Amino acid sequence: MISTQEKPRFLKLEFDIIANGDCALDIRFSAEPSELLSRYIIGLRQYILKQDDLKVIDLIPAYQCLTITFDPLLYLDESLSREVKTLTKKFLKATNSHFLEREPCVIRIPVCYENSFAPDMLTVSEYTGLTPEEIIELHSTSVYLVHMLGFSPGFLYLGGLDPKLHCPRKEAPRLHIPAGAVGIGGGQTGIYPQATPGGWQIIGQTPIKLFQPYNTSPFIAQPLDTIEFYSISESEFNDIAPQVQCKYSKESYP
Amino acid sequence: MSMHFIRAGLQTSIQDYGRPGLMHYGIPIGGAADPLSMKLANMLLGNPLNNPVLEITLTGPLIEFTCDVSIAITGAQFKTSLNNRAIEYYRVIQVKRGDILNFSKLISGMRAYIGISAKISTPMILGSTATHLISGFGGHHDRAIENGDRIGFVDTWTARPAKLKRELQPNYKLRPLIRVVHGPEAGSFSQEIMEKFSGTSFQVSAQSNRMGIRLSPSINPSREALTETSGKMISSGLYPGSIQIPENGEPIISFIEGQTIGGYPRLAHVIRADLHRLGQLNALDKISFQVITLENARIILREKQKSLEKLQREIATETRDLLTL
């Protein structure tokens, strides 16, 4: 358990409560995404989960937002919104509530950046003005923070992409992206856990599976863990892939 | 005891209420695309409303039963026969061992549901037997049913006769007017675009699935407006029913297996009370949207819940009447 009594000096913790359809509420912070803001959001999530009288279904953290889903038949007025506002204020004010219940881990993930796995490498190269080698070097030497899981089962939203690698999403999402594809979308980078449609520029692929529904721990990382990528060749990819297909345990990778 | 799928149909799968509460792991709720039809099938059989059902999409299966069991079919209307004799939907049907259930031509809607007075022996994964078709887990061997599959039962019971009056059965031939509330980024779109959105008759794209329902035409928001919105946009939990506007301006409704966090600005959000209607939208269907207030959305939901409860009582009464005949 990590506990910090320290109050942030440069983080304005202003927030709004906004309806996200009729089954969800957003607690939105005006501060820019940061590790500190994510710590607050994860801490707030744990704090709200502890309120037994609150009938919520799910709390979905994001970079600057915590979405609360609920059964609208149980809250047919603004009472949930009011309660959440009070709780959030209380949490942010408390000096000892900025805590996390779990020690974050470092997870190393192999990525093959070779041509057959990187259909958008040239697009990213043209947009950023970097050579593919420079892109791979920058991408695999950074340390990334897991801000949240989302999009599809086990997908990790990572912070820490080098600004030189920022590249816009595709105009219309691709209808098929293979499982393990590593992409860049705007200022974000990440791995597609399953074959899905998606709008990011694909620059590589990992043989690791990010979502193992039959494992006792189906996900390789949790919010606030850190991720490091390391470059592997196509033949190394082909060596790892079958092992992962048969059995993958969190202990063997990294 | 099993159902033997001689022909599987285009996308037949085991579904229930899905997996609510796991969106923070990126796992969408999933489950029946039209949960109302699923509930009605279970209601008719006197089952728990969440008892797993078979969801049939677009082209139906040919099923042989290897045991006696009661079934009820709801949702999209297919030409359907039991041992070559036409059968009615929205009523309890007693099926005997060796009976053949055949779904042929689709008449209206998109997805039919077979409720069964049995416990399907498919294991629960992450709290549900629902098949997550996009991510490939849950249900029968993590996939849609294939030709030759057998879906086993561990338990069967006989349901009392029951039926739903024709006038109470959903009608999918009418063009749906889907009610929506403003989405989290509605304020970033101009008044003109908002009016265009409510005034347009959209067509459902053939590329729609359980993840998302794609619509055309584009509402052509200016590129500047979208870039500005995207730049300012705060990604947050994307609940089924969110209507996102990607850069090409063609709306995408996030559906039951949709991504759990949003990347594109959300102009509107389909109200919970109308969400089940999305499960019956077929390619090329026309739909339009009516923007209402959050307060009205709640009133509509409460009313709809009341009529569903009334329906449940009526089915129970109906059952009693049929038994005394």
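Residues numbered from 1 in each chain as written. Chains lettered and ligands numbered in written order. Predicted model: local features only at pLDDT ≥ 70, side-chain atom pairs only at ≥ 80, totals over all residues. Heavy atoms only, no water.

Caption draft 1: Layout of the nonpolar core. Ranked by size, the top nonpolar core spans 43 residues in total, and within it M3, I71, L101, I114 and I116 of chain B carry the most contacts. Among the elements that line this core, the one with the most residues is strand 5 (residues 69-82) of chain B, at seven residues. Every residue in contact with I116 of chain B, bar those within four places of it in the chain, is listed here: M3, L45, N47, N51, L54, V69, S70, I71, F153 and W157 of chain B. Ranked by size, the runner-up nonpolar core spans 41 residues in total, among them C167, I191, I203 and A241 of chain A. (Core = buried A, V, L, I, M, F, W, Y, C linked by side-chain atoms within 4.5 Å. Buried < 20%, exposed > 50% of the residue type's maximum accessible area, 1.4 Å probe, protein only. Helix = DSSP H or I, 4+ residues; strand = E, 2+ residues; numbered from the N terminus. Contact = heavy atoms within 4.5 Å.)

Caption draft 2: A look at the environment of W200 of chain A. All names here are of chain A. For W200, the location among the structural elements is in the loop between strand 13 (196-198) and strand 14 (201-205). W200 sits in the buried class, given a relative accessible area of 7%. The spacing of W200 and G185 is 15 residues in sequence and 4.6 Å in space, taken between C-alpha atoms.

Caption draft 3: Seen up close, the sheet that holds strand 4 (residues 56-61) of chain A. Residue and element names in this part refer to chain A. The strand order across the open sheet built from four strands is 2-3-5-4, with neighbouring strands paired in antiparallel fashion. The two strands at the open ends of the sheet, each matched to only one other strand, are strand 2 (15-19) and strand 4. Geometrically, the sheet is characterised by an average inter-axis angle of 20° between neighbouring strands, direction not taken into account. Where strand 3 (residues 24-29) and strand 5 (residues 65-70) come together, five bridges link them in antiparallel fashion. Bridge pairing links L25 to I68 in strand 5. Taken strand by strand, helix 1 (residues 35-49) contacts strand 3, strand 4 and strand 5, and its axis lies near 170° from that of strand 4. (Pairing = 2+ DSSP bridges. Axes fitted to C-alpha atoms, helices over the stretch in contact; angles between N-to-C directions.)

Caption draft 4: Layout of the packing of aromatic side chains. All names here are of chain A. Considering all chains together, one arrives at 20 aromatic pairs over all chains under this definition. Geometrically, the ring pair formed by F151 and Y192 is edge-to-face, given 5.7 Å between the ring centres and 75° between the ring planes. With F151 in the loop between strand 8 (143-149) and strand 9 (156-159) and Y192 in the loop between strand 12 (188-191) and strand 13, this pair connects stretches of sequence that are 41 residues apart. The same class applies to F151 and to Y192, which are both buried. (Phe/Tyr/Trp six-rings, centres within 6.5 Å; stacked < 30°, edge-to-face > 60°.)

Caption draft 5: Focus on the interface of chain A and chain B. If you look at the interface, chain A gives 50 residues, while chain B gives 49 residues. Roughly 4,200 Å² is buried in total at the junction of chain A and chain B, and carbon and sulfur atoms are behind 61% of that figure. Close ionic contact of E78 of chain A with R298 of chain B constitutes a salt bridge, the shortest N to O distance being 3.1 Å. Applying the counting criterion to the chain A and chain B interface returns 14 residue pairs in polar contact (both at pLDDT 80 or more). Those elements that provide at least two residues to the side of chain A that touches chain B are strand 3, strand 4, strand 5, strand 8 and strand 13 of chain A. Counting residues per element, the side of chain A that touches chain B draws most heavily on strand 4 of chain A, which supplies five residues. Among the residues forming the side of chain A that touches chain B, the class breakdown is 28 nonpolar, 12 polar and 10 charged. (Buried area = accessible area lost by both parts, 1.4 Å probe. Salt bridge = Lys/Arg side-chain N within 4 Å of Asp/Glu carboxyl O. Polar contact = N/O pair within 3.5 Å; in protein donor to acceptor, adjacent residues only side chain to side chain. Nonpolar A, V, L, I, M, F, W, Y, C, P; charged D, E, K, R; others polar.)

Caption draft 6: Fine view of the packing of helix 1 of chain A against helix 2 (residues 79-93) of chain A. All names here are of chain A. Running from N to C, helix 1 and helix 2 point in directions that differ by 120°, and their axes come no closer than 10 Å. Of the possible angle classes, the one that applies to helix 1 and helix 2 is oblique. Like other packed secondary-structure pairs, helix 1 and helix 2 cross with a definite hand, here right-handed. Residues Y40, G43, L44 and Y47 of helix 1 lie in contact with helix 2, whose contacting residues are L87, T88, K90, F91 and L92. Partitioned by chemical class, the residues of the contact of helix 1 with helix 2 number six nonpolar, two polar and one charged. (Parallel < 35°, antiparallel > 145°, perpendicular 65-115°, else oblique. Left-handed = near helix turned anticlockwise from the far one by under 90°.)

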